[in-house]
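Below are the chains, spelled out letter by letter.
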Amino acid sequence: MSGPEPAHDPLADALTAARLFALDPHGLGGLWLRGAGPVRDALVDQLKAGLPDNMPLRRMPATIDDGRLLGALNISASLGAGRAVLQKGLLAEADGGVVIAPMAERLPEAIAGRIGQVLDWHAVQVERDGVAGTMQAAIGLVLLDDGCGEEERPPSALTERVAFHCDLTGIASLDFPQVRRKTAIGPAQVAEPDADALRALAGTATALGVGSARALLFAVRAARASAALDARKTVEEEDIIVAARLVLAPRATRIPAVDAPEQAEQETPREPQESEAHDQDAGEDLPSLEDMVLAAAAASVPPDILNRIGDGVQRGASRGGGAGKRRKSQLRGRPLAARPGMPGGGSRLALIDTLRAAAPWQTLRREEEGENAPRRIRIRRPDLRIRRFEERSGTVTIFAVDASGSSALARLAEAKGAIELMLAQAYVKRAQVALIAFRGEGAELLLPPTRSLTRARRALAELPGGGGTPLAAGLDMAGALGALVETRGRTPFLVTLTDGKANVGRDGKPGRKQAREDSEAAAKRIAVTGMAGVVVDISPRAQPEATELAAALRMDYLPLPRADAAALHGAVDALQDRAVPA
């Protein structure tokens, strides 16, 4: 190796990425800036200052609809001209410039997909409201990500299409380093990297586990932009290293295997032989370009990515942790595209969309009424459009706890602690929690669905325990409560804490065979409803009965033999985010 790599400076790297992006915004796709605050604001100001004065710059509303994004019928122009007139959308307006997307972690997947298509094609295709057309839209994209935690990230359809991923969350300084100020040439004037440079980038991408060809193409363009930033027409070693650090390292999916210089130093020194001295003089032991690029990229892999790699966790885009299913609404939520329909019965008229539908037909309808017909807008029934919204329902986490036997107190204590932790976040996630305990001859609803922490603590102050295991009764009550939750517009999530060893039937009589048959039947009834959930096996050793119960419920199985309340809460929270359909 060439020696110790310089310390990773995320602020300097982010500033360099912004300057490279400003130099080639359309070739490099964009810039993902994670972490709100003055550092990001200052960096965006630096980026704006680096763009040409006449370059279009648009800020995209977080709740933008398809018509404003892609283009739609221009109502006033269409009525005046007597024909359909297409109005540009925000992406076409920004042709040749940059679009800034605030709160990118909240962008719907559908909107992200349309933007991604424009990034690929550099054009917008519109076919709606009786109009069709194609408009140029070569844009660069800046994603402003305010998300917290791994669950809240912009859609992968966009993060895959931007060259630079910059995490600013750990930066506490606004002292931007002094860097190269101006470029005398554009990236197109820089020659393509030679074969050794391309081999070094490809080898580094392979070592880091970056499988996307788009990332490798971005790295090549970033290397050329780096050379152009320094007014050079050839790509040099430092440009390849900059491209690997800024484009490939943030996309790492595994820890690269690099030589450790300290290990070589610890080896017992010995006198070099004459032939070895000759080889060293010939420079054969010098590190290759690929080794140097890989070492620089490995030193720039952010610590949180290393942690995720170490945990074997790679997560996708967020769906808004804790939120329930998406559902249509007539009154509130995120606006959706209007649909033909009659207002009334709770449905409201979408006036603008109705006018859009009627505008192309005005000339024809006026001619049908004769030359002396009054000048007015003619709206027919097929033109009517109604408004639609989409909202996420709140969730209700139902804990069904096996309160039988000697371990009942420990299980109930863990469930109680997890419930209190979940209720502490209830107002953030609009979540409610309920608790069912089954023991003796039946089940009991100890805590109806609530988000009140005070009420929960009062209800959970004295928890009963001991006796047999009427698992079927507990599942029956959980299924009924889940159905009730669904009718109230919420999404249930069932957490069953048990070892799966039922010994009391649905009729309250002891008997393992009947109890097992009853619990299996109850589990299958819940599975038919599609309720999401998890079976938490907290017995000292994983039990096959609990695994079979999870299979019958069609839910996840999670063995937690020594779980405390915090671990149980964390596991349930993570599984709930993954299991509740988007």
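Structure report, in brief. None of the values given here were measured: they were computed from a predicted structure.

Reading guide: rules and limits
Chains are numbered independently. Their residues run from 1 in the order of the written sequence. Where local features are concerned, this predicted model is filtered to residues with pLDDT of at least 70; where side-chain atom pairs are given and counted, the filter is 80 or more; whole-chain, interface and lining totals use all residues. For side-chain calculations, the full set of non-hydrogen atoms in the structure is used, while hydrogens and water are omitted. A pair is scored as a salt bridge if a Lys or Arg side-chain nitrogen falls within 4 Å of a carboxyl oxygen belonging to Asp or Glu. Each helix corresponds to a stretch of at least 4 residues labelled H or I by DSSP, and each strand to a stretch of at least 2 residues labelled E; elements are numbered beginning at the N terminus. For every residue, the accessible area (1.4 Å probe, protein chains only) is compared with the maximum for its type, and the residue is labelled buried under 20%, exposed over 50%, or partly exposed between those bounds. Two strands form a pair only when DSSP identifies at least two bridges running between them. Axis definition: a line fitted to C-alpha atoms, limited for helices to the stretch in contact. Angles are taken between N-to-C directions and run from 0 to 180 degrees. It only takes one pair of heavy atoms within 4.5 Å for two residues to be counted as in contact. The patches described consist of residues with a relative accessible area above 30% and no salt bridge, like charges being joined within 9 Å and nonpolar side chains (Val, Leu, Ile, Met, Phe, Trp, Tyr) within 5 Å. The method behind every accessible area is Shrake-Rupley, applied with a 1.4 Å probe, and residues are considered shielded solely by the protein chains displayed. Residues scored as charged are limited to Lys and Arg (positive) and Asp and Glu (negative), so that His and the chain ends carry no count. For this purpose, a charge sits on NZ of Lys, CZ of Arg, CG of Asp or CD of Glu. Nonpolar cores are built from buried Ala, Val, Leu, Ile, Met, Phe, Trp, Tyr and Cys residues. Side-chain atoms within 4.5 Å join them into one set. Any pair of nitrogen or oxygen atoms within 3.5 Å is treated as a polar contact; in protein, a donor-acceptor pairing is required on top of that, and neighbouring residues in sequence qualify only through side-chain atoms on both sides.

Our focus in this paragraph is the pattern of salt bridges. Opposite charge on two side chains makes pairing possible when the charged atoms of those side chains draw close. Considering all chains together, one arrives at 26 salt bridges under this definition. A salt bridge links Asp146 to Arg40, with the nearest nitrogen and oxygen atoms 2.8 Å apart. With Asp146 in the loop between strand 8 (139-145) and helix 7 (156-159) and Arg40 in helix 2 (residues 38-50), this pair connects stretches of sequence that are 106 residues apart. The exposure class assigned to Asp146 is partly exposed, which follows from its relative accessible area of 31%. Given a relative accessible area of 8%, Arg40 falls into the buried group.

Pairing is mixed in the open sheet, where six strands are placed in the order 15-14-13-16-17-18. Taken across any chain shown, the strands that pair with only one partner, and hence form the sheet edges, are strand 15 (442-450) and strand 18 (556-559). Strand-to-strand twist in this sheet, taken as the mean axis angle between neighbours without regard to direction, amounts to 15°. Examined bridge by bridge, strand 13 (residues 395-402) and strand 14 (residues 431-439) share eight bridges and lie parallel to one another. Paired with Asp402 across the two strands is Phe438, which belongs to strand 14. Contacting strand 16 (491-497), strand 17 (532-537) and strand 18, helix 22 (residues 544-553) runs over the sheet at an angle of about 175° to strand 17.

Here the focus is a positive patch on the surface. Judged by side-chain charge, Lys501, Arg512, Lys513 and Arg516 come together as a positively charged surface patch. With respect to the secondary-structure elements, Arg516 resides in helix 21 (residues 512-529). Under the relative-accessibility criterion, Arg516 is labelled partly exposed at 47%.

In this section: the pairing of strand 15. Pairing of strand 14 with strand 15 involves six bridges; the strand directions are antiparallel. Note that in strand 15 the partner of Arg439 across the bridge is Gly442.

Turning next to unusual backbone geometry. A positive phi angle, near 60°, is found at Ala231, a position not held by glycine. With a phi close to 60°, Arg554 is a non-glycine residue in the positive phi region. With relative accessibility at 71%, the residue Arg554 sits in the exposed group.

Quick look at a nonpolar patch on the surface now. A grouping of Leu349, Leu351 and Ile352 is seen on the molecular surface, where their side chains present a nonpolar patch of about 260 Å² in accessible area. Among the structural elements, Ile352 can be located in helix 15 (residues 351-358). For Ile352, a relative accessible area of 44% gives the class partly exposed.

Moving on, we come to the nonpolar core. In globular proteins that are soluble, nonpolar side chains generally tend to be buried together. With 60 residues, the main nonpolar core has Leu31, Leu33, Phe164 and Leu248 as its most contacted residues. It is helix 9 (residues 213-229) that contributes the most residues to this core, 10 residues altogether. Counting residues in each nonpolar core, the second largest holds 27 residues, with Leu69, Ala112, Val118 and Val162 among its members.

A word on the sheet that holds strand 1 (residues 30-34). Taken in spatial order, the five strands line up as 2-5-8-1-9 in an open sheet, and their pairing is parallel. Two strands bound the open sheet, and with one partner strand each, they are strand 2 (57-59) and strand 9 (164-167). For this sheet, the mean inter-axis angle between neighbouring strands, taken without regard to orientation, is 15°. In this structure, strand 5 (residues 97-101) lies alongside strand 8, joined through five bridges in parallel fashion. The partner of Ile100 across the bridge, within strand 8, is Val142.

A separate point is the pairing of strand 1. With five of five residues buried, strand 1 is to be regarded as a mostly interior element. Side chains of strand 1 alternate between two faces, with Gly30, Trp32 and Arg34 and Leu31 and Leu33 buried alike. Pairing of strand 1 with strand 8, which is carried by five bridges, proceeds in the parallel orientation. Paired with Leu33 across the two strands is Leu144, which belongs to strand 8. Bridge analysis of strand 1 against strand 9 gives four bridges, and the strand direction is parallel. What sits directly across from Arg34, in strand 9, is Asp167.

Looking at the secondary structure, you find Asp24 in the loop between helix 1 (10-23) and strand 1. Of the residues examined, Asp24 reaches a relative accessible area of 10% and is grouped as buried. Looking at Asp24, its side chain comes within polar contact range of the main-chain nitrogen of Gly27, at 3.2 Å. With residues near it in sequence (within four places) discarded, Asp24 still touches Pro187 and Arg221.

Here Glu192 lies in the loop between strand 9 and helix 8 (195-208). What makes Glu192 exposed here is its relative accessible area of 55%. Spatially, the C-alpha atom of Glu192 lies 8.1 Å from that of Val220, the residues being 28 residues apart in sequence. For Glu192, the side chain forms a polar contact with the side chain of Arg224, separated by 3.0 Å.

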